[in-house]
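A look at the structure
The residues making up each chain are set out below.
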Amino acid sequence: MKCKKCGERAAIKMPQHNMALCREHFLEWIPQHTQRVIEKYHMFTPKEKILVAVSGGKDSLALWDVLQRLGYQADGIYINLGITDPQSGLTYSAKSKIFSQQFADQHGLKLHVVDVKETYGESITEINQRSTRGRAKPCSICGLVKRHIMNQIAHDEGYHVLATGHNLDDEAATLFGNTLNWTVDMLKRQSPLLPAMPGFARKAKPFCRIYERESAAYALMRNIAYVYEECPFAGGARSIQYKKLLNQLEKRSPGTKMNFYVHFLKAQAELFGEEKTAIPLEEHCPICGQPTHSGQACAFCRLVGADKK
Ligand code: SF4
Ligand code: ZN
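Before going into details, it helps to say that this report is about the structure given with it. It should be emphasised that the depicted structure is a prediction, and the values quoted were computed from it without experimental measurement.

Looking at the sheet that holds strand β8 (residues 202–204)
- Strand order in the open sheet formed by six strands is β5-β4-β3-β6-β8-β7, with mixed pairing between adjacent strands. Lying at the two open borders of the sheet, with one neighbouring strand each, are β5 (111–115) and β7 (193–194).
- Direction of pairing for strand β3 (residues 49–53) relative to strand β4 (residues 73–80): parallel, over a ladder of five bridges. In the strand pairing of β4, Ile-50 is matched with Ala-74.
- Helix α3 (residues 92–107) rests against β4 and β5 of the sheet, and its axis sits at about 160° to β4.
- Strands β3, β4, β5, β6 (161–163) and β8 of the sheet are contacted by helix α6 (residues 139–156), whose axis makes an angle of about 145° with β4.

Brief notes about the packing of helix α7 (residues 168–180) against helix α11 (residues 256–272)
- Contact geometry for α7 and α11: axes closest at 9 Å, N-to-C directions at 65°. When the axis of α7 is compared with that of α11, the two are roughly perpendicular. The hand of the α7/α11 crossing is left-handed. Facing α7, whose interface residues are Leu-168, Asp-169, Glu-171, Ala-172, Leu-175, Phe-176 and Thr-179, α11 presents Lys-257, Met-258, Phe-260, Tyr-261 and Phe-264.
- When grouped by side-chain class, the residues that make up the contact of α7 with α11 number eight nonpolar, one polar and three charged.

Let's talk about the side chain of Glu-214
- Its place among the elements puts Glu-214 in helix α9 (residues 212–221).
- A distance of 2.6 Å separates polar atoms of two side chains, one belonging to Glu-214 and the other to Gln-16.
- Discounting residues that sit within four places of it in the chain, Glu-214 has contacts with Met-14, Gln-16, His-17, Phe-26, Trp-29, Ile-30 and Arg-209.

Examining the pairing of β5
- Among the five residues of β5, four are classified as buried, and the element is accordingly described as predominantly covered.
- Both β4 and β5 contribute to a ladder of five bridges, which runs parallel. In the sheet register, Asn-80 faces β5, and the bridge partner there is Asp-115.

Looking at the coordination of the zinc ion (ligand 2)
- The coordination sphere of the zinc ion (ligand 2) contains the protein donors Cys-285 (SG), Cys-288 (SG), Cys-298 (SG) and Cys-301 (SG), at a distance range of 2.2 to 2.4 Å.
- Of note is the zinc ion (ligand 2), whose four donor atoms meet at the metal with angles of 107 to 113° in an arrangement that counts as tetrahedral.
- Coordination of the zinc ion (ligand 2) draws on donor residues from a single chain, spaced C-x2-C-x9-C-x2-C in sequence. The pair formed by Cys-298 and Cys-301 is uniform in burial state, with each residue classed as buried.

Side note on unusual backbone geometry
- For His-42, which is not glycine, the phi torsion reads 50° and is therefore positive.
- With respect to the helices and strands, the residue His-42 is situated in the loop between α1 (23–40) and β3.
- Residue His-42 is classed as exposed on the basis of its relative accessible area of 66%.

Reading the values: the criteria
Residues numbered from 1 in each chain as written. Chains lettered and ligands numbered in written order. Predicted model: local features only at pLDDT ≥ 70, side-chain atom pairs only at ≥ 80, totals over all residues. Heavy atoms only, no water. Pairing = 2+ DSSP bridges. Helix = DSSP H or I, 4+ residues; strand = E, 2+ residues; numbered from the N terminus. Contact = heavy atoms within 4.5 Å. Axes fitted to C-alpha atoms, helices over the stretch in contact; angles between N-to-C directions. Parallel < 35°, antiparallel > 145°, perpendicular 65-115°, else oblique. Left-handed = near helix turned anticlockwise from the far one by under 90°. Nonpolar A, V, L, I, M, F, W, Y, C, P; charged D, E, K, R; others polar. Polar contact = N/O pair within 3.5 Å; in protein donor to acceptor, adjacent residues only side chain to side chain. Buried < 20%, exposed > 50% of the residue type's maximum accessible area, 1.4 Å probe, protein only. Donors = N, O, S within 2.8 Å, 3.2 Å for Na, K, Ca; no water. Tetrahedral: all angles 85-135°; square planar, octahedral: opposite > 155°, others 65-115°.

Here it is in structure tokens:
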């Protein structure tokens, strides 16, 4: 198989795009493709300040790498959740932090590090243990904490937009699950770009049209060291199953995942209306100042016990 651009030996075959590329041209193509997505969905401009949510994994580090190569002002935020694998006892968060910091140092980039335990007195695992006695996975708690911290830093440090490394496989699997269950609220909001609301930063997914294997190949070819393990709570049985099913379809018919996602985005407004944001929250938490439904302590402040101090 030869590179479509130069005829040299191809390093990656991409049947979904009906092309193969050599290393050099693949490393050019990923930023070009990402730039087209940024422009298509009006995500941000070079004048704006971007905060990249960095987990130490391949997608977020590859995204950060691409954004800095494209000349964007992109800083990172790493949230040390304090997660350990209950089975192996391995400290997933500690490893992720090392890779995130190493990438920032190598490229001379600014990384905000927020340690949940140091800041709020308990790690995500401990908060989960206290509030659910470990009966539930910590993901909903973790999501709430991450959202709160990212919005806070984006607001306090004047970032215009928060960028996450969600790739096409993530988006297609989420869409698949939401469609199977007809979760209309989620289907309405699934978007490459969520506009800002008072107290909440704009959110962009510049890798939403990059396949997971493309992002992994990019990280590998750029020698980006990243944490291989996923969070021990990642990929509930369902989302892993959805990804497997979609991969089977993709194998038989390359481009299936892309079509599923992109055609959904085209039909979305017709199916569910233009509105992407939830009803704006008019009240503010008296403790942290972030928007809430009522004028009382927000869900985050209640979770970390800030309302009792
Ligand atoms: Fe948090 Fe769950 Fe993601 Fe792990 S898998 S980082 S617990 S949301
Ligand atoms: Zn609050």
